[in-house]
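# Overview (structure and organization)
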Amino acid sequence: MGDRFLESLSIQDRTEQACLDFIRTDLDVCLTFAAVAETAYSMGHQEHAEQTVASAEKGYSTLLRFFSKVENPTPETKKELELTLKRLRERLDGLPRRR
């Protein structure tokens, strides 16, 4: 029984790490979308910019759901991800929007 318990913990640890890796990767993608949207807006490509912002916003919402399910992040990891999520939110909020 001890081996199964340890194996279960190992699987949980790997799952948690995979979730954190996903969050980091998707944060990078969303930040890239925000940069692409900024460029598209500056070039007058309103429709492309808005589609890109919509993708980034959807990603942001997904990231919040996944981050809320992470059970035991280290304090450093939690701070890192919270700061990056905040930076993404601020960047998205700073983009022009169609009125």
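You'll find the structure just up there.
Just so it is clear, the model here is predicted, and its values are computed rather than measured. (Residues numbered from 1 in each chain as written. Predicted model: local features only at pLDDT ≥ 70, side-chain atom pairs only at ≥ 80, totals over all residues. Heavy atoms only, no water.)

### Here we look at the packing of aromatic side chains
Each aromatic ring pair is characterised by the separation of its centres together with the angle its planes make. Overall, the coordinates contain one aromatic pair when judged by the stated rule. Between Phe22 and Phe66 the ring centres are 4.8 Å apart and the planes differ by 50 degrees, which places this aromatic pair in the tilted class. Residue Phe22 is located in helix α1 (residues 2-42), and its partner Phe66 is located in helix α2 (residues 46-69); the two are separated by 44 residues in the primary sequence. The exposure class of Phe66 is partly exposed, given its relative accessible area of 34%. Here the basic side chain of Arg89 rests over the ring of Tyr60, its NZ or CZ set 4.7 Å away from the ring centre. (Phe/Tyr/Trp six-rings, centres within 6.5 Å; stacked < 30°, edge-to-face > 60°. Helix = DSSP H or I, 4+ residues; strand = E, 2+ residues; numbered from the N terminus. Buried < 20%, exposed > 50% of the residue type's maximum accessible area, 1.4 Å probe, protein only. Lys NZ or Arg CZ within 6 Å of the ring centre and 35° of its normal.)

### Topic: the environment of Asp13
Checked against the element boundaries, Asp13 lands in helix α1. Taking C-alpha positions, Asp13 is 9.4 Å from Asn72, a pair spaced 59 residues apart along the chain.

### Examining the nonpolar core
Side chains of a nonpolar character, in soluble globular proteins, are inclined to be buried together. Ranked by internal contacts, the top residues of the largest apolar core, which has 22 residues, are Ile23, Leu27, Leu63, Leu88 and Leu92. Those elements that place two or more of their residues in this core are α1, α2 and α3 (75-93). Counting residues per element, this core draws most heavily on α1, which supplies ten residues. Setting aside residues no more than four positions away along its own chain, Leu27 makes contact with Leu63, Leu81, Thr84, Leu85 and Leu88. (Core = buried A, V, L, I, M, F, W, Y, C linked by side-chain atoms within 4.5 Å. Contact = heavy atoms within 4.5 Å.)

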